[in-house]
Amino acid sequence: MKKFINDVEQVENEMIQGMVKAYPQYLKQLDGYNVVVRAEKKEGKVALISGGGSGHEPAHGGYVGQGMLDCAVAGAVFTSPTPDAIYEGIKAVDSGAGVLMIVKNYTGDVMNFEMAAEMAQMEGIEVKQVVVCDDVAVKDSLYTIGRRGVAGTVFVHKIAGALAERGASLDEVQAAAQKVIDNVRTMGAAIRPCTVPAAGKPGFELGEDEMEIGIGIHGEPGTHRETLKPANAIVDQLLEQILGDLDYEGKEVAVMVNGAGATPLMELFILNNHISDVLAQKGIPVYRTFVGEYMTSLEMEGFSISLLRLDDEMKELLDAPAHTPAWR
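One structure accompanies this document, and this report is about it. (Residues numbered from 1 in each chain as written. Predicted model: local features only at pLDDT ≥ 70, side-chain atom pairs only at ≥ 80, totals over all residues. Heavy atoms only, no water.)

1. With respect to the pairing of strand β12 (residues 301-309)
The element β12 is largely enclosed, with a buried count of nine among its nine residues. Because side chains alternate across β12, one face comprises the buried residues E301, F303, I305, L307 and R309, and the other comprises G302, S304, S306 and L308, equally buried. Looking at chain direction, strand β7 (residues 184-192) and β12 are connected through eight bridges and run antiparallel. What sits directly across from R192, in β12, is E301. (Buried < 20%, exposed > 50% of the residue type's maximum accessible area, 1.4 Å probe, protein only. Helix = DSSP H or I, 4+ residues; strand = E, 2+ residues; numbered from the N terminus. Pairing = 2+ DSSP bridges.)

Rendered as structure tokens:
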């Protein structure tokens, strides 16, 4: 294993410290926890909290700031954060208007966030949640009951965060977040694995001419493994699954072409070139496109496609100002 780290046991803590030192205008760390909150707490608004295992940067700490999250809780690499850390985050950001938890659908995340919510509710804090399950590849995977939550989560942060920033109620913000979940679908593929620092070796193996279709953001198996194809053919496979799961015809969409950590922008733009052409051929207008690394898997070489079906309200919230380390 070759990585630019010091102590395997300190990876997450040093990463959080480095993030806060890079972006003090946006972030501060809670003492004793791998939890970041907005540098300037905004009182009187619904607070948004999210998180999960580290290794998906910039998710989720990179989305803390004006117009998106108020708090992000980082667990160990690919490991759910603990209930006590989540609980401390909830307490830190609550200002009386309630807290919405945005949770990716992994069994540990759901369980630990719910435990933290119960702890906070015992102290009189109103807490609600949504669970993101945008991955169309597999159901009931190694880590989930139901579909996995992947890169579409970032759209939930953005749209719900914009509404919360305007002063909407907890019920309204929860409904907006759920609307995004109901209208976003994602699927990915990978050609090289990643190595969790504590493990010291790749989480799986792929031959030089192999790819994994439908892979998860922790390296979980997808639908199948097959011989590597040209980029356009891979896009066709993924879009067939996505478009077959939700009726996008005639609806404006936001497109996210998300790199898994080691995929060059050159290749992501090549992928988007065909995505855009296919959607145009199918009569699906593209309102906005986002190409880059939004939810990674350490140094995995792969990508995912997310399509969000939009209405006028969602377009307005998607376009609303946001000032965070990873979304500006």
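2. Considering the sheet that holds strand β9 (residues 224-227)
In a beta sheet, neighbouring strands pair by backbone hydrogen bonds and run either parallel or antiparallel. Overall, mixed pairing links the six strands, which are arranged β9-β8-β7-β12-β10-β11 in an open sheet. Edge positions in the open sheet fall to β9 and β11 (286-292), since each of these has one partner strand only. In this sheet, adjacent strand axes meet at a mean angle of 15° when their direction is disregarded. Packing against the sheet, helix α5 (residues 170-183) makes contact with β7 and β12, and its axis sits at approximately 55° to β7. Here helix α7 (residues 265-281) sits on the sheet and contacts β10 (253-259), β11 and β12; the angle it forms with β10, its principal contact strand, is near 155°. (Axes fitted to C-alpha atoms, helices over the stretch in contact; angles between N-to-C directions. Contact = heavy atoms within 4.5 Å.)

3. Some details on unusual backbone geometry
A cis amide bond links E57 with the next residue in sequence, P58, at an omega value of 15°. Residue A59 is joined to H60 through a cis peptide bond whose omega torsion reads 5°. By the element assignment, H60 lies in the loop between β3 (47-54) and β4 (71-77). With phi around 55°, F78 is a residue other than glycine that occupies positive phi space. Structurally, F78 is set in the loop between β4 and α2 (83-93). Given a relative accessible area of 17%, F78 falls into the buried group.

4. A short note on the environment of F4
Along the chain, F4 falls in the segment before α1 (11-22). For F4, a relative accessible area of 93% translates into the label exposed.

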